[in-house]
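Below are the chains, spelled out letter by letter.
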Amino acid sequence: MITEILSYPFLVRALLVGLFVSVSASLLGVSLVLRRFSMIGDGLSHVGFGALGISAMLALQPMIITIPVVVISAFILLHLSERKGGGDSSIALISSSALALGVIAVSTAGVNTDLNAFLFGSILSVSRTDGVVAAVISAVTLFSYLVFYHQIYATTFDPAFARATGINTGRYTALLSLLTALVIVVGMRILGSLLISSLIIFPAAVAMKIEKTYLSVSVVAAIEAVAAFVAGFLASYAFSLPTGASIVTVHMVFFIAASAFRQIRIAIKANESI
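Residues numbered from 1 in each chain as written. Predicted model: local features only at pLDDT ≥ 70, side-chain atom pairs only at ≥ 80, totals over all residues. Heavy atoms only, no water.

Undergrad: When you look at the packing of helix 2 (residues 9-34) against helix 12 (residues 214-239) in this model, what are you seeing that I'm missing?
TA: Think of two packed helices as two axes; the pair is described by the angle between the axes and how far apart they sit. Contact geometry for helix 2 and helix 12: axes closest at 9 Å, N-to-C directions at 145°. In this structure, helix 2 crosses over helix 12, and the sense of that crossing is right-handed. Here helix 2 contributes L11, A14, L15, G18, L19, S22, V23, S26, L27, V30, S31 and L34 to the contact with helix 12, which in turn contributes Y214, V217, S218, A221, A222, A225, V226, F229, V230, F233 and Y237. Grouping the amino acids of the contact of helix 2 with helix 12 by side-chain chemistry returns 18 nonpolar, five polar and no charged. (Axes fitted to C-alpha atoms, helices over the stretch in contact; angles between N-to-C directions. Helix = DSSP H or I, 4+ residues; strand = E, 2+ residues; numbered from the N terminus. Left-handed = near helix turned anticlockwise from the far one by under 90°. Contact = heavy atoms within 4.5 Å. Nonpolar A, V, L, I, M, F, W, Y, C, P; charged D, E, K, R; others polar.)

Dropping the structure here:
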């Protein structure tokens, strides 16, 4: 089956893009979840859908409108999330409004526009440009985490202390926002606007059930993201299932298994202490 998949160029492109996006989203997701900014992924995916709908209505290239709109929205949503009170409700209002505008725009664009491809993704829509963009984003994300690891670590856990030590937390928060926005835009091509946020939340949630330190959580999250994508991708091909839904289902299975593993480990430690 793997040999058959590798014989189709469009499936190879989808596989590579998915791997790049999965690794990038998992690393970004650890910081976002720890800073309680995980709702941003969901909000940006809805904004991205609205931008895609408008670009379809205006018969423009999707990336021309989607990338700048989602990047600007990332900075706005992150600013709202840092506010005490009203942040979550503001994000919910913006995301639901963008989703509604996207549905109207897609409907206005005509019957040639596939709404399901925007909502749930489509492997056939992955182009060579998507592959190049995904590779660049993944490389930049990995480079950022390697070079600015200590700054991102400090900004994630204690922004006030980081500022006191001279770290420009706003700069690294902006970098996090930019990378998240780009990952959302590219990942929507495979998982769609309704499922892409799962790539950000699930790997971090699974890793936190298994490991405790920031570095080990990041490594486990990246491994889990790759494993879940490959398993979901192969399952969707073998059983003719929706790719995005298959990948998210595998993430869900991994999360349940990690939760069970944590409970077993806690029970073993409790018995040893008796």
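Undergrad: Please explain the side chain of S138 as it appears in this structure.
TA: Of note, S138 is situated in helix 7 (residues 128-147). Other than its neighbours up to four places away in sequence, S138 contacts F20 and S24.

Undergrad: Just checking my understanding: could you explain helix 7 for this structure?
TA: In an α-helix, one turn spans 3.6 residues; hence positions three or four apart end up facing the same way. Its 20 residues place the ends of helix 7 28 Å apart at the C-alpha level, agreeing with the 28 Å of an ideal helix rising 1.5 Å per residue. Residues of helix 7 that are buried include every one of D130, G131, A134, I137, S138, T141, S144 and Y145, and no others. Buried residues of helix 7 fall within an arc of 165° about the axis and therefore sit on the same side. Summarising the geometry of helix 7, the exposed residues directed more than 90 degrees from the buried face are R128, T129, V132, F143 and L146. (Expected span 1.5 Å × (residues − 1). Buried < 20%, exposed > 50% of the residue type's maximum accessible area, 1.4 Å probe, protein only. Arc of directions from axis to C-beta.)

Undergrad: How should I be thinking about the nonpolar core in this particular structure?
TA: Across soluble globular proteins, nonpolar side chains have a tendency to be buried as a group. The biggest cluster of nonpolar side chains holds 56 residues, and the ones touching the most others in it are V17, V21, L44, Y145, L191, L199 and F233. Looking at this core, the element that brings in the most residues is helix 2, giving eleven residues. Contacts of L44, omitting those with residues within four sequence positions, involve V70, S73, A74, L77, T180, A181 and I184. (Core = buried A, V, L, I, M, F, W, Y, C linked by side-chain atoms within 4.5 Å.)

Undergrad: What exactly am I supposed to notice about a nonpolar patch on the surface here?
TA: On the surface, I54, M57, L58 and L60 cluster together into a nonpolar patch covering about 330 Å² of accessible area. By relative accessible area, L60 is classed as partly exposed at 40%. (Patch = residues over 30% accessible without salt bridge, like charges linked within 9 Å, V, L, I, M, F, W, Y side chains within 5 Å. Areas by Shrake-Rupley, 256 points an atom, 1.4 Å probe, with all protein chains shown as cover. Salt bridge = Lys/Arg side-chain N within 4 Å of Asp/Glu carboxyl O.)

Undergrad: Looking at this structure, how should I read the packing of helix 11 (residues 198-210) against helix 12?
TA: Packing of helix 11 against helix 12 brings their axes to within 8 Å, and their N-to-C directions diverge by 125°. If you check the angle between helix 11 and helix 12, you find them oblique. For the pair helix 11 and helix 12, the crossing hand works out as right-handed. Between helix 11 and helix 12, the residues in contact are F202, P203, A204, V206, A207, M208 and I210 and V217, V220, A221, E224 and A225, respectively. Partitioning the contact of helix 11 with helix 12 into residue classes produces eleven nonpolar, no polar and one charged. (Parallel < 35°, antiparallel > 145°, perpendicular 65-115°, else oblique.)

Undergrad: Explain the packing of aromatic side chains to me, please; I cannot follow it from the model alone.
TA: Each pair of aromatic rings is reported with the distance of its centres and the angle of its planes. Applying the stated criterion across every chain, the model contains nine aromatic pairs. Residues Y149 and Y214 carry aromatic rings whose centres are separated by 5.8 Å and whose planes lie at 45° to one another, so their mutual orientation is tilted. Of the two residues, Y149 is situated in helix 8 (residues 149-157) and Y214 in helix 12; the sequence distance between them amounts to 65 residues. Judged by its relative accessible area of 22%, Y149 is partly exposed. Here the aromatic cluster, defined as three or more aromatic residues joined through ring pairs, consists of Y149, Y153, F157 and Y214. (Phe/Tyr/Trp six-rings, centres within 6.5 Å; stacked < 30°, edge-to-face > 60°.)

Undergrad: Help me out: how do you make sense of the environment of S125 in this one?
TA: With respect to the element layout, S125 can be found in the loop between helix 6 (115-120) and helix 7. Sequence-wise, S125 and A59 are 66 residues apart; in three dimensions their C-alpha atoms are separated by 16 Å. Filtering out sequence-adjacent residues up to four positions away, S125 remains in contact with D130 and R189.

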